[in-house]
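Descriptive structure summary
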Amino acid sequence: SAVISQKPSRDICQRGTSLTIQCQVDSQVTMMFWYRQQPGQSLTLIATANQGSEATYESGFVIDKFPISRPNLTFSTLTVSNMSPEDSSIYLCSVGGGQGYGYTFGSGTRLTVV
Amino acid sequence: AQSVTQLDSQVPVFEEAPVELRCNYSSSVSVYLFWYVQYPNQGLQLLLKYLSGSTLVKGINGFEAEFNKSQTSFHLRKPSVHISDTAEYFCAVSEGSSNTGKLIFGQGTTLQVKP
């Protein structure tokens, strides 16, 4: 299975600011995903990070709020823009698809907006 | 559209007792199925997955799950739990035929192991 490094592991941010989360994979992967886990809730898919093209967003999530970059097959970033307390969540990146990837997750970024 | 239902939000059990965490899914196409564990203040760890082949899947930490296509279920079991198994458990489904890699998660089951 792929090994995923995600950073920062946690942050406390002021409302109105932005935070960029990085996800680095130890091998080239086709599919990378970003999920959100709100406090006490399950995981919800934000978007699929596509290499060389715009990310594909799920219903309820928009590019202006959650811009995503995928410059190559091992790296992606998620930015949480113009943050409000409602954005306080754990954000996780994941790789999936293909039996060799194992659908593994990064350790997550615990974001608190004050 | 696919969906996942975890039938129990909380499961209290005594140490060394057996446990079953229930998961049912809805899908009109073939699926891949997963169980993840999340310990307090940690990320998700893959316990086991069903992609194809034998319907009985063995995972880490002594857990196993059985894929039942007719009942659209993928229940997780362990014959004897430990205090350290206390955690949140998530069942997830992915569309197998197109292999998009996207996961749909259930709402989670909190396993509380008591001494």
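Each chain has its residues counted from 1, running along the sequence as written. Chains and ligands are labelled sequentially in the order written, the chains with letters from A and the ligands with numbers from 1. Residues qualify for local features only when their pLDDT is at least 70, as the model is predicted, and side-chain atom pairs are given and counted only at 80 or more; totals for whole chains, interfaces and linings, by contrast, use all residues. The basis for the side-chain values is all heavy atoms of the structure; hydrogens and waters are excluded.

**A closer look at the environment of B:His82**
Residue and element names in this part refer to chain B. Its place among the elements puts His-82 in the loop between strand S9 (73-78) and strand S10 (87-95). In sequence terms His-82 and Gln-112 are 30 residues apart; their C-alpha atoms lie 9.9 Å from each other. Throughout, a contact is declared for two residues whenever any of their heavy atoms are within 4.5 Å. Each residue touching His-82, except ones within four places of it in the same chain, is listed here: Glu-15 and Val-113. In this description a helix means any DSSP run of H or I spanning at least four residues, a strand means any run of E spanning at least two, and both kinds are numbered starting from the N terminus.

**Details of the interface of chain B and chain A**
Across the boundary between the two partners, chain B contributes 21 residues, which contact 21 residues of chain A. Note on terms: buried area is the combined drop in 1.4 Å-probe accessible area of two parts once they are placed together, counting the loss on both. Where chain B abuts chain A, roughly 1,700 Å² becomes buried across the two surfaces, and 55% of that area is made up of carbon and sulfur atoms. Between Lys or Arg on one side and Asp or Glu on the other, a salt bridge is scored when a side-chain nitrogen of the former is within 4 Å of a carboxyl oxygen of the latter. The residue A:Glu58 makes a salt bridge to B:Lys102 at a minimum N-O spacing of 3.3 Å. The term polar contact refers here to a pair of N or O atoms within 3.5 Å; inside protein, the definition further demands a hydrogen-donor-capable atom paired with an acceptor-capable atom, and it admits residues adjacent in sequence only when both atoms are side-chain atoms. Run the count over chain B and chain A and you get 6 residue pairs in polar contact (both at pLDDT 80 or more). Only strand S5 (31-38), strand S6 (44-50) and S10 of chain B provide two or more residues apiece to the side of chain B that touches chain A.

**Some remarks on the pattern of salt bridges**
All names here are of chain B. Taken as a whole, this structure holds 7 salt bridges over all chains when the rule is applied. For Arg-77, the salt bridge goes to Glu-20, with nearest N and O atoms at 2.8 Å. Linking Arg-77 in strand S9 with Glu-20 in strand S3 (residues 19-21), this pair joins segments that are 57 residues apart in sequence. Its relative accessible area of 33% is what places Glu-20 among the partly exposed residues. A salt bridge links Asp-85 to Lys-78, with the shortest nitrogen-to-oxygen separation between them at 2.8 Å. A residue is classified by how much of its surface remains accessible, and Asp-85, at 3% relative accessible area, is buried. Connected through shared salt-bridge partners, Glu-20, Glu-66 and Arg-77 make up one network. To sort residues, take the accessible area from a 1.4 Å probe on protein chains only and compare it with the maximum for the residue type: under 20% means buried, over 50% means exposed, and anything in between is partly exposed.

**Looking at the packing of aromatic side chains**
Each pair of aromatic rings taken from Phe, Tyr and Trp, with Trp reduced to its six-membered ring, is defined by centres within 6.5 Å and is described as stacked if the planes are under 30 degrees apart, edge-to-face if over 60, and tilted in the remaining cases. Applying the stated rule across the entire model yields 13 aromatic pairs over all chains. Ring plane angle 50 degrees and centroid distance 4.4 Å describe the contact between A:Tyr103 and B:Phe34, whose orientation is recorded as tilted. Linking A:Tyr103 in the loop between strand S9 (89-96) and strand S10 (109-113) with B:Phe34 in strand S5, this pair reaches from one chain into another. For A:Tyr103, a relative accessible area of 1% corresponds to the buried category.

**Observations concerning the sheet that holds strand S2 (residues 10-13) of chain A**
Paired strands are those between which DSSP finds at least two bridges. In spatial order, the strands read S2-S10-S9-S4-S5-S6 (chain A); together these 6 strands make up an open sheet with mixed pairing. The sheet terminates laterally at S2 and strand S6 (56-57) of chain A, the two strands that pair on one side only.

**Things to note about the pairing of strand S7 (residues 68-72) of chain A**
Residue and element names in this part refer to chain A. In the sheet, S7 pairs with strand S8 (residues 75-80) via 3 bridges, with the strands oriented antiparallel. Bridge pairing links Ile-68 to Leu-78 in S8. Once S7 ends, the chain turns through 2 residues before running back antiparallel as S8.

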